[in-house]
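Coordinate analysis (summary)
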Amino acid sequence: MRKYAKGDSNALLYAACNMCGKELLIENGLLKEGCFHGEQKFGYFSEKDGQNHSFDMCEACYNKFIKMFKIPVEVREETEYL
Ligand SMILES: [Zn+2]
């Protein structure tokens, strides 16, 4: 979960892992550690029609999460780092 400065969606004030509750490191409004951000707008063909769900996971929880997959995540090397 993330909290931004009022009226500024670029100024991140607080972030925490939804799975374990750990507070994530933020410096000068930027997230400074590995984090998975998930967001889904559910539509008409869903039981959650009209709902927008979002969450964040620290890297340790992300690693546990993807270990549950039957098919592994696809990994590509990025040439530009974020
Ligand atoms: Zn976590």
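Heads up: the structure comes first, above all this text.
Residues numbered from 1 in each chain as written. Predicted model: local features only at pLDDT ≥ 70, side-chain atom pairs only at ≥ 80, totals over all residues. Heavy atoms only, no water.

Donor atoms from the polypeptide that coordinate the zinc ion comprise Cys17 (SG), Cys20 (SG), Cys58 (SG) and Cys61 (SG), at 2.3 to 2.4 Å from the metal. Here the donor residues for the zinc ion map to a single chain with the spacing C-x2-C-x37-C-x2-C. Cys58 sits in the buried class, given a relative accessible area of 3%. (Donors = N, O, S within 2.8 Å, 3.2 Å for Na, K, Ca; no water. Buried < 20%, exposed > 50% of the residue type's maximum accessible area, 1.4 Å probe, protein only.)

Among the secondary structure elements, Asp56 is positioned in strand E6 (residues 52-58). A distance of 2.8 Å separates polar atoms of two side chains, one belonging to Asp56 and the other to Arg2. (Helix = DSSP H or I, 4+ residues; strand = E, 2+ residues; numbered from the N terminus. Polar contact = N/O pair within 3.5 Å; in protein donor to acceptor, adjacent residues only side chain to side chain.)

Before going further, it helps to examine the pattern of salt bridges. If charged atoms from side chains of opposite charge come close, those side chains can pair. Overall, the coordinates contain two salt bridges when judged by the stated rule. Residues Asp56 and Arg2 are paired through a salt bridge, measuring 2.8 Å at the closest nitrogen-oxygen approach. Here Asp56 is found in strand E6, whereas its partner Arg2 is found in strand E1 (residues 2-5), with 54 residues between them in sequence. Assessed through its relative accessible area of 1%, Asp56 is described here as buried. Lys22 is the salt-bridge partner of Glu33, the closest N and O atoms lying 2.8 Å from each other. In this pair, Glu33 is assigned in the loop between strand E4 (30-31) and strand E5 (35-41) and Lys22 in the loop between strand E2 (8-15) and strand E3 (26-27), connecting sequence segments eleven residues apart. (Salt bridge = Lys/Arg side-chain N within 4 Å of Asp/Glu carboxyl O.)

Turning our attention to the packing of aromatic side chains. Each aromatic ring pair is characterised by the separation of its centres together with the angle its planes make. One pass over the structure, following the stated rule, counts four aromatic pairs. Ring centres 5.3 Å apart and planes at 25° place the aromatic pair Phe36 and Tyr62 in the stacked group. Separated by 26 residues along the polypeptide, Phe36 in strand E5 and Tyr62 in helix H1 (residues 59-67) bring together distant segments of the chain. Residue classification places Tyr62 among the partly exposed positions, given a relative accessible area of 23%. Through a chain of ring-to-ring contacts, three or more aromatic side chains come together here, namely Phe36, Phe55 and Tyr62. Taking the ring centre of Phe42 as reference, the NZ or CZ of Lys48 above it sits at 5.2 Å. (Phe/Tyr/Trp six-rings, centres within 6.5 Å; stacked < 30°, edge-to-face > 60°. Lys NZ or Arg CZ within 6 Å of the ring centre and 35° of its normal.)

Nothing here speaks to function; it is all geometry.
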